[in-house]
Amino acid sequence: MSKSELVKTKEELSRRGFLRGLALTTVAASGLTSCAPSCDGGSTGAGDAGSTAGYQYDWEIAEGEIVHGVCPKNCYDTCRICTKIVDGVAVQIRGDQTNPYTAGSPCVKGQTYLDYHYSEDRILYPMKRVGAKGPGAQFERISWDEALKTISTRFKDISDTVGAEAIVPYTFSGTFGLIQGCFFSGVLRFLYKLGAAALMPNMCEAAGIAALPFTYGKQCDVDPEQYGNTDLFVSWGSNLSATSVHSVKFVAECKKNGGKIAVINPMRIPLCEWADLWVKIRPGTDTPFALGAIKILLDEGMYDKKFVEKHCMGLDELAAVADEWPASRVAEVCNVTADELERFAHMYADAETAIIMMGMQVNRDSNGGSKIRAISFLPALTGNIGKSAAAGFQWLTAGYWALNFDNVCLSTKLLGAFTPGGGYVVNWNQINAGAYNRRVINIADYADVLNETGRYAGQPTRAVFVYNGNPLVSVPDNARIREGLAREDVFVVVSDKWHTDTADYADIILPCTDLLETEDIHQDYHGWYLNHNAPAVEPLGEAKTNIEMANALAHAMGYDDDFFDEGVPEMAKALIEGTEGANPIYGPDMTYENLKKEHWRKIPAFVPYADCLESGFPTPSGKIEFYSQSLKDLGYHPVVEYVPSAESFDGSPELFKKYPLKLVSSTSKDLCGSNWHNIGKIRAIHHQHLYIHERDASVRGIADGDSVEVFNDRGVCDSLTALVVDDDVILEGTVLALKSTWPKLMDGRNNINVLTPGYTADLGMGTSFQANLVDVRKA
Ligand SMILES: Nc1nc2c(c(=O)[nH]1)N[C@H]1C(S)=C(S)[C@@H](COP(=O)(O)OP(=O)(O)OC[C@H]3O[C@@H](n4cnc5c(=O)[nH]c(N)nc54)[C@H](O)[C@@H]3O)O[C@H]1N2
Ligand SMILES: Nc1nc2c(c(=O)[nH]1)N[C@H]1C(S)=C(S)[C@@H](COP(=O)(O)OP(=O)(O)OC[C@H]3O[C@@H](n4cnc5c(=O)[nH]c(N)nc54)[C@H](O)[C@@H]3O)O[C@H]1N2
Ligand code: SF4
Ligand SMILES: [Mo]
């Protein structure tokens, strides 16, 4: 493309709004503006609202540099993407065509990354609040020097008077980059040096991560690119059509190749269209369902006797537990028919190879760890372990994250113990045993942390540092989160790109970079890839990466440790190579420099657990443990036990009389966590429905399309409209809504987290979003 053609294209683009983004970049980068257009505190955070719509154009039109990156969001897919840069401006994003997993295109959200990046609503400068905290808060621009001085002065004061442990981090999954974020690095390096409380980031997958090693010793998930080769794909409490759009094509291959599909889910999901069996299970009751299926496998001799004899221990104890779950009892508790249970058991036993994809919602319950443990017995009983690359289970590929995390997060050095995300901690007893050199807080009970209640009574909280997360949208028991952030004696720092609901409570806001401006290393948690994200453009305004922020804060505090002079290249090298040199699991010569050149590398194919069939499983007995002495020693049932969900018909019968509907939160294909709700094009397609069964609706006088209030003792969610559906869509007694909408974009109406509880899960100290009884009325 010639220069004049490019100029013409830019003219065309400018007419469609492109130059608004360009102008913002240029002016902001030159520092000539006092503030991005909407950084005056009056912003709604409402994103582009269509202003820059349509500026993408054909990949082939412009000559430009192509930079390889990775979508950094907390999403199964970790899309490998390419960005075209013309004159220092990002003009188009598309999928990396060479990557078999995410080839083609990012999802609908990823396609709006340029709107996201060049949005007029991005926070580009440090801000301080002027006036009251909360909705409508006003901010004015300050320099980084002033921001750092204010924060360091306040932090020193708190450390000297109350103690540094009164400063609490909140960080979760804004970027899943292993250096800038992902639970343990980023600004935590600074906060842990400071002496701030240690954060257990156990919001998402912790119960399952804690449960699986009791069965298998280590976690080896099947590669999703193998779905096409399996005889049976079981979607167990998962909805890949929303959560992992790029892996649906592999399920389609399974179907095309004659494989079967089973869905276990209280809600109809798109995969039900292809399913041979849909079990509309009652939420929270997966343990009895799995045990009922196990009883049938054992009673009818439909299990792999040779495999179990050689590689498993505790069959008799498992049989005794399963015996308590005849089909009639399973039917009653799980609200399924005995026939459905039989069909599932036979379908599973008959398949030569089977993959069970366990969704994460299953583990976000007070009994979530037990559910994952109960399901985990099925592949072992049927010999689906170590048999084929297309047999086994999927949870998260955490077992393949063979990087030197401690070199980067410095936890051993700073906290006295290393925890890769916290999920390997089973319960508070282990923490109380003194692994850490300071007070520990758990994200699952953040409302208590902020309000000094429950287990945190008497533990002062005087400052909160939020980055990479949005507690006021995403964390349970939200009204109490708001109360805690609103405390006048709590100093709040928020680092984000947007004026989120949480940012409205900030004393100081620090602007962060996005994927186009940040270098990082990413590893998929579903696929088998290690990836490099190269920065594509200069940061807009004065945005800093999380590591730059950590280093600047450390220098402001006067810390002179060498590690606060490190940049991403040194950290990436230490992460990937460690002191050992290239890391063998990723194939030959896996060095930082090679990953940069190759952009991504897939872990070379192998059969999960095949090595353990030869050399034993890394459990205490060396076998797959249906009976776990370790669990018993920790005070749990050594096999598994059905303890009803903390809020459910059988777990809390009195509460059930008052609030007879189980609220299930689910994931929107149009949002990722709370990301993108503020981007106009996306908000336009995102719905805010409460799926409700027609009989549940009619007894409450609710018609399709009515505005409704969903309520319980914790609060009222008033942002939903009823979508009245029948038995073909949802189980009666269950209502479902999508998670992570921004109250401030809904006229201050609450999202569902005003209803969700702060209980911790049985294993891994995870959250219990699903242990949630409610009622509904017409608004
Ligand atoms: N009701 C209900 N609620 C849920 C769930 C549920 O099932 N039901 N699921 C839970 C789960 S599984 C998860 S993972 C959590 C997610 O919880 P969080 O990770 O706390 O929430 P997100 O909404 O993803 O917020 C991420 C924020 O980080 C910011 N951010 C992005 N990149 C960066 C960066 O590089 N630096 C900085 N400083 N900030 C950045 C984004 O702009 C965004 O505001 O939500 C939980 N919430
Ligand atoms: N588009 C998009 N993709 C995402 C995310 C996002 O926000 N948006 N978030 C990412 C993150 S952080 C996570 S953790 C994952 C979330 O992944 P998941 O947690 O797997 O996704 P959900 O849709 O919340 O839940 C999956 C299904 O579980 C069902 N379900 C609920 N309770 C039960 C139960 O007790 N038993 C059974 N059998 N089924 C139940 C629900 O009906 C739902 O269809 O997705 C990731 N991918
Ligand atoms: S949100 Fe997920 S599917 Fe969408 S671009 Fe990012 S990684 Fe890909
Ligand atoms: Mo998550």
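Residues numbered from 1 in each chain as written. Chains lettered and ligands numbered in written order. Predicted model: local features only at pLDDT ≥ 70, side-chain atom pairs only at ≥ 80, totals over all residues. Heavy atoms only, no water.

## Some thoughts on the sheet that holds strand S13 (residues 392-394)
Phase 1: Spatial ordering of the open sheet is given by S10-S9-S8-S12-S13, a layout of five strands whose pairing is parallel. Of all the strands in the sheet, just strand S10 (277-279) and S13 have a single pairing partner and so form its edges. Going across the sheet, the axis of each strand differs from the next one's by a mean of 15°, ignoring polarity.
Phase 2: The pairing of strand S12 (residues 354-358) with S13 spans three bridges and is parallel. Pairing of Ile356 across the sheet is with Phe393, part of S13.
Phase 3: Helix H14 (residues 368-381) rests against strand S8 (232-236), S12 and S13 of the sheet, and its axis sits at about 170° to S12. (Pairing = 2+ DSSP bridges. Helix = DSSP H or I, 4+ residues; strand = E, 2+ residues; numbered from the N terminus. Axes fitted to C-alpha atoms, helices over the stretch in contact; angles between N-to-C directions. Contact = heavy atoms within 4.5 Å.)

## Things to note about the packing of aromatic side chains
Phase 1: This structure, assessed with the given rule, holds 35 aromatic pairs.
Phase 2: Considering the side-chain rings of Tyr170 and Tyr446, the 5.2 Å spacing of their centres and the 80° angle between planes classify their relative orientation as edge-to-face. Remark: Tyr446 occurs in helix H18 (residues 446-451) and Tyr170 occurs in strand S6 (residues 167-170); sequence separation between them is 276 residues.
Phase 3: Overall, the relative accessible area of 1% leaves Tyr446 in the buried class. (Phe/Tyr/Trp six-rings, centres within 6.5 Å; stacked < 30°, edge-to-face > 60°. Buried < 20%, exposed > 50% of the residue type's maximum accessible area, 1.4 Å probe, protein only.)

## A short note on the sheet that holds strand S20 (residues 600-602)
Phase 1: On the basis of which strands lie adjacent, the open sheet formed by three strands has the order S18-S19-S20 and antiparallel pairing. Each of the sheet's edge strands pairs with one partner strand only, and the pair in question is strand S18 (520-523) and S20. Direction aside, neighbouring strands of the sheet carry axes that sit 10° apart on average.
Phase 2: Of the pairings in the sheet, the one linking S18 to strand S19 (residues 529-533) comprises four bridges and is antiparallel in character. Bridging across to S19, Gln523 finds its partner in Leu530.

## Topic: the packing of helix H6 (residues 206-216) against H14
Phase 1: Where H6 contacts H14, the two axes come as close as 8 Å, and the packing angle between them is 40°. As summarised for this structure, H6 and H14 are arranged oblique, according to the angle between their axes. Seen from above, H6 lies across H14 with right-handed handedness. In contact with Ala207, Gly208, Ala211, Leu212, Phe214, Thr215 and Tyr216 of H6, H14 contributes Gly368, Gly369, Ile372, Arg373, Ser376, Phe377, Pro379 and Ala380.
Phase 2: A breakdown of the residues in the contact of H6 with H14 according to their chemical character gives nine nonpolar, five polar and one charged. (Parallel < 35°, antiparallel > 145°, perpendicular 65-115°, else oblique. Left-handed = near helix turned anticlockwise from the far one by under 90°. Nonpolar A, V, L, I, M, F, W, Y, C, P; charged D, E, K, R; others polar.)

## Here we look at the pairing of S19
Phase 1: With five of five residues buried, S19 lies mostly within the body of the structure.
Phase 2: Of the two faces of S19, the one holding Tyr529, Asn531 and Asn533 and the one holding Leu530 and His532 are both buried throughout.
Phase 3: Remark: five residues form the turn of the hairpin made by S18 and S19, two consecutive strands paired antiparallel.

So, to be careful, I would describe these as geometric facts and stop short of saying anything about function.
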